[in-house]
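# Summary of the model geometry
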Amino acid sequence: MGDAISSLLFQPPPPTRLKESKVIWLTNSFGKRIPAFFIECAKNENGGIRSPLPGEDGGTSNDHYGGTVVPPATPQIRTPKELEVGAAMGRLGKGVPTILYSHANAEDLGNIYPWCKFLSKMLGVNIFAYDYTGYGLATDQGDPSEEYCFADIDAAYAYLKDVLQIPSESVVLYGRSLGSGPSCYLAARTAEEGDAVAGLVLHAPFLSVYRIVLESGCTLPGDRFPNVDFAPSIRSPVLFIHGTKDSIVPFNHSERLLETIIEPYRAEPLFIKGMGHNNVHSSVRPLFIERLRKYLDKHIMPNILDLTFRKQRQVQRARSGKNL
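Read on for an overview of the structure.

What counts, and at which threshold
- Residues numbered from 1 in each chain as written.
- Predicted model: local features only at pLDDT ≥ 70, side-chain atom pairs only at ≥ 80, totals over all residues.
- Heavy atoms only, no water.
- Phe/Tyr/Trp six-rings, centres within 6.5 Å; stacked < 30°, edge-to-face > 60°.
- Helix = DSSP H or I, 4+ residues; strand = E, 2+ residues; numbered from the N terminus.
- Buried < 20%, exposed > 50% of the residue type's maximum accessible area, 1.4 Å probe, protein only.
- Arc of directions from axis to C-beta.
- Contact = heavy atoms within 4.5 Å.
- Pairing = 2+ DSSP bridges.
- Right-handed = clockwise from strand over helix to strand, strands pointing away.
- Core = buried A, V, L, I, M, F, W, Y, C linked by side-chain atoms within 4.5 Å.
- Salt bridge = Lys/Arg side-chain N within 4 Å of Asp/Glu carboxyl O.

### Focus: the packing of aromatic side chains
Following the criterion strictly, the structure yields 15 aromatic pairs and no others. Their ring planes at 80 degrees and their centres at 6.1 Å tell us that phenylalanine 150 and phenylalanine 230 sit as a pair that is edge-to-face. Within this pair, whereas phenylalanine 150 is found in helix H4 (residues 146–163), its partner phenylalanine 230 is found in helix H7 (residues 227–230), the two being separated by 80 residues in sequence. Just as phenylalanine 150 is buried, phenylalanine 230 falls in that class too.

Structure follows, in structure tokens:
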């Protein structure tokens, strides 16, 4: 039965392509190689630049970026070598959030790239997205599974922290539909380890896979991605986004998941009237972006600013010590 559930749950699309030079290859704990990409947001001396929404006069800034390194003027997908240089200079994790993006079913890196670049441009954030084992350029790595998905996001998060030197306080997890599974898992794991990520955005999440079609009342043997069981352990501000006309994952899954999050970590949810499951229609994108910006400004940026300030003080103290 497990294989039957997996075959219904995971539906990789025909693989799409990215420029090989832009692909970052990760290896998970099972030895599976998965691709990823990193989009560095546009920045100026004040912060990550946000492109204007309709009715705004011009680009706005997060106003939390500082330093002498010349940042990109538009969002740029970075090569592994460019990322190594950026990490060595301390640029990538400085003053802006990095979203670790876990995509939905029937998607891969090639077809989510335009959406991720849009988010980077409109929110003024870095985006790091990865493919699941069995998806996209990783179709030769075996069939996808829950265990592989958890190992995949672990590998992506380790790359951000250990290679790019981006601290947990700057990482926001974003899981859409299927991606809510690995995102809830990682949010709970980091909280239990005492190093919670900065935030969690759940876009059209589910309670668990079985509960999409069967109200079981509890997590049954063989169920997959039991988000409802991970949620009480999460210690990061959680933003829920769901369309009220979602015919694939019922809207009440978000409502019920919200109730399982400890109250101090419940951000104001965004439940969009009339929106379905598979896309964010252009007519609701201004509201969508506005509310994501509000979430970042209220729950994420103050901590990043504090982290930046503390690092600057440490550098100043170190320099003062050398001058004694």
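Picking up after the structure, the text goes on.
### Considerations on helix H2 (residues 80–88)
Those residues of H2 that fall on the buried side of the exposure criterion are Leu83, Gly86 and Ala87. When H2 is viewed along its axis, its buried side chains cluster within an angular range of 100 degrees and face the same direction. In this structure, H2 carries Lys81 and Ala88 as exposed residues pointing more than 90 degrees from its buried face. On its buried face, H2 sits against strand S1 (24–27), strand S2 (33–40), strand S5 (76–78) and H4. One or two positions beyond H2, positive phi appears at glycine 90, with a value near 70 degrees.

### Some remarks on the pairing of strand S8 (residues 171–176)
Summarising burial for S8: six of the six residues are buried, a large majority. Where strand S6 (residues 98–102) lies against S8, five bridges are found, and the strand directions are parallel. Bridge pairing links threonine 98 to valine 171 in S8. The sheet contact formed by S8 and strand S9 (residues 199–203) spans five bridges and is parallel. Of the residues in S9, the one forming a bridge with arginine 176 is histidine 203. Handedness of the β-α-β unit built from S8, helix H5 (residues 180–192) and S9 comes out right-handed.

### Let's talk about the pairing of S1
Where burial is concerned, the two faces of S1 differ: the one with Ile24 and Leu26 is buried and the one with Trp25 and Thr27 is not. By the bridge criterion, four bridges tie S1 to S2 in an arrangement that is antiparallel. Pairing of threonine 27 across the sheet is with arginine 33, part of S2. From the end of S1 to the start of S2, which pair antiparallel, there are five residues, and glycine 31 there has a positive phi angle of about 80 degrees.

### Points about the nonpolar core
If you look at the biggest cluster of nonpolar residues, it comprises 51 residues, and the most contacted ones within it are Leu26, Phe38, Leu100, Phe128, Leu164 and Phe225. Among the elements that make up this core, the one with the highest residue count is H4 (eight residues). With residues near it in sequence (within four places) discarded, leucine 100 still touches Phe128, Tyr130, Ile153, Ala156, Tyr157, Leu160, Val171, Val172, Leu173, Tyr174 and Leu186. Grouped together as the second largest cluster of nonpolar side chains are 37 residues, Tyr101, Leu109, Ile127 and Val284 included.

### Focus: the pattern of salt bridges
Side-chain pairs of opposite charge can arise whenever the charged atoms involved come near each other. Taken as a whole, this structure holds 13 salt bridges when the rule is applied. Its salt-bridge partner being glutamate 40, residue arginine 78 comes within 2.9 Å of it at the nearest N-O pair. Here the residue arginine 78 occupies a position in strand S5, and glutamate 40 occupies one in strand S2, the gap between them amounting to 38 residues. Residue arginine 78 is classed as buried on the basis of its relative accessible area of 14%. Residue arginine 50 pairs with aspartate 297 through a salt bridge whose shortest N-O separation is 2.9 Å. Here arginine 50 is found in strand S3 (residues 49–50), whereas its partner aspartate 297 is found in helix H9 (residues 285–322), with 247 residues between them in sequence. Among the residues examined, aspartate 297 registers a relative accessible area of 39% and is labelled partly exposed.

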